Each structure stands twice: as C-alpha cells, then as structure tokens.
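Descriptive structure summary
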Amino acid sequence: MADNSYAKLMDPASERAKRGSFFFLVLFAAIIFAMWDLARFLWGGTAVPSTLNMGVGVVLTALMLVSLVPVMAARKKLDRGDDAGIVSSLAALLVISVVMMGGIVYSWGSLSIGSGYGGIYDITTGWFVLHFVAAILAILASIMKISRTPERAKSERWVSYNVLTYWGGVVILWVAFFIVFYIA
C-alpha cells in the first residue's frame, strides 16, 4: 500500500507554509467580499449591459468546469502515492490559468469602466486575475518540487492537495461570479 501523507494534513507545517496558507486564505476571502459588495449594485437595478459578451463568459465558465477533470485525476494519483503523475494535470491547470487570464482581459474591452456595471465587473475580474496568478505560482512551485526533490514532495504531499483544493475554490467562485454577473 502506498504511503498516503494526506492523513498528515494537520501536522505542524513550517512557518513559511503557514504564512503561505494564510495568504491564500486572505486572497480567497477578498474576492468573496468584493463579489458581495459589487453584487449589491447589480441587484439594485443595474441590468446586464448588451455589450457584455455572453459567449466569452460561457466559454470561460465551461473551461473552469472542465478544469475539474485534471484536479480529480491528480487527487486520485496523489491518493495512490504517484506524486510524479500529477505533473501533467498541474501543467493542464497552468495552461487553463493563462487562458482564463487572457479571456478576462479580453472581456474588459467590451464594457465601459465609467458605467457602474463595467467598473464593478473590471474590479471583480481583476481579483480573479490575481487569483490565477497565485494559482500559477503555486502550481509552478509544486511542479518544481515534484521534479527536483521527489522525496520532499512525497513527505509534503499536503502542499499538492492544498494547491488542488485552492483551484477547486477558484472554480466555485468563478461559477458564482458567472451567475451573478452574466445571468442575474
């Protein structure tokens, strides 16, 4: 039976890892508060403008939902103890992050920042860009750890689980964002 370090998730981590986890928690919470604050304008009567490209929103949301496939595949590989096997899944998430950031920046051109909706949309999607940058850095760090120090990656498997969990949280937030900003 493979050594599964997931059970050691609550073991004391280094101080650096604790600070990094706190940073991700704050970053994750920031977008939730931004969405709540900004959604009040939408629910207050600001309609979705006709210039908002619904097709881009649907494609990006579908891409985020499809990204759960590599996340689940990576979790299964981690459960089996195959740390090196998740590199391809992490690389797929890396590519999806870059495509998502490109789609978000592309969508900024369709709305006027001067309008209430456009400003709210740009600020909230700006938070998402920041989340994708954080995800890219975390994914790159995990890939480097797995490829350069496999024994350390095995003993610190919780880091890979945390990266995958963080990505799952970003997917949930993106779906909520899509519902609030494109459909509501």
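All figures in this text were calculated on a predicted structure; none of them were measured in a lab.

Attention now goes to the overall build of the protein chain. Of the regular secondary structure elements, the protein chain holds seven helices and zero strands. Scanning the protein chain from its N terminus toward the C terminus, one meets helices and strands in the order α-α-α-α-α-α-α. Burial status across the protein chain gives 41% buried among its 184 residues. Sequence-distant contacts, at least 24 apart, represent 84% of the contacts inside the protein chain between residues at least 6 apart. Surface accessibility of the protein chain: about 9,700 Å² in total, with carbon and sulfur atoms responsible for 71%.

A separate point is helix 2 (residues 54-66). When the terminal C-alpha atoms of helix 2 are compared, their 18 Å separation across 13 residues agrees well with the 18 Å that a helix rising 1.5 Å per residue should span. Buried within helix 2 we find Val56, Gly57, Leu60, Thr61 and Met64. One side of helix 2 carries all its buried residues, which in axial view fall inside an arc of 125°. Away from the buried face of helix 2 by more than 90 degrees, exposed residues Val59 and Val66 are located. On its buried side, helix 2 packs onto helix 3 (68-80), helix 4 (87-108), helix 5 (116-148) and helix 7 (157-183).

Bringing a nonpolar patch on the surface into the picture now. Together, Met54, Val58, Ile179 and Ile183 make up an exposed nonpolar region whose accessible area comes to about 350 Å². Elements supplying a minimum of two residues to the nonpolar patch: helix 2 and helix 7. By relative accessible area, Ile183 is classed as exposed at 55%.

Let's shift gears to the nonpolar core. Counting 44 residues, the largest nonpolar core has Met64, Leu90, Tyr121, Phe132, Trp167, Trp174 and Phe181 as its most contacted members. Broken down by secondary-structure element, the contributors of at least two residues to this core are helix 2, helix 3, helix 4, helix 5 and helix 7. No other element matches the 14 residues that helix 7 contributes to this core. In this view, Trp174 contacts Gly57, Leu60, Thr61, Met64, Met100, Ile104 and Phe128; residues no more than four positions away in its chain are not counted.

Enumeration according to the criterion identifies ten aromatic pairs in this entry. Between the aromatic rings of Tyr121 and Phe181, the centroid separation amounts to 6.1 Å while the plane-to-plane angle is 70°, which identifies the pairing as edge-to-face. Of the two residues, Tyr121 sits in helix 5 while Phe181 sits in helix 7, which places them 60 residues apart along the sequence. Like Tyr121, the residue Phe181 is buried in the burial classification. Taking 5.8 Å as the distance between ring centres and 55° as the angle between the ring planes, the aromatic pair formed by Phe132 and Trp167 counts as tilted. Residue Phe132 is located in helix 5, and its partner Trp167 is located in helix 7; the two are separated by 35 residues in the primary sequence.

What counts, and where the lines are drawn
Residues numbered from 1 in each chain as written. Predicted model: local features only at pLDDT ≥ 70, side-chain atom pairs only at ≥ 80, totals over all residues. Heavy atoms only, no water. Helix = DSSP H or I, 4+ residues; strand = E, 2+ residues; numbered from the N terminus. Buried < 20%, exposed > 50% of the residue type's maximum accessible area, 1.4 Å probe, protein only. Contact = heavy atoms within 4.5 Å. Areas by Shrake-Rupley, 256 points an atom, 1.4 Å probe, with all protein chains shown as cover. Expected span 1.5 Å × (residues − 1). Arc of directions from axis to C-beta. Patch = residues over 30% accessible without salt bridge, like charges linked within 9 Å, V, L, I, M, F, W, Y side chains within 5 Å. Salt bridge = Lys/Arg side-chain N within 4 Å of Asp/Glu carboxyl O. Core = buried A, V, L, I, M, F, W, Y, C linked by side-chain atoms within 4.5 Å. Phe/Tyr/Trp six-rings, centres within 6.5 Å; stacked < 30°, edge-to-face > 60°.

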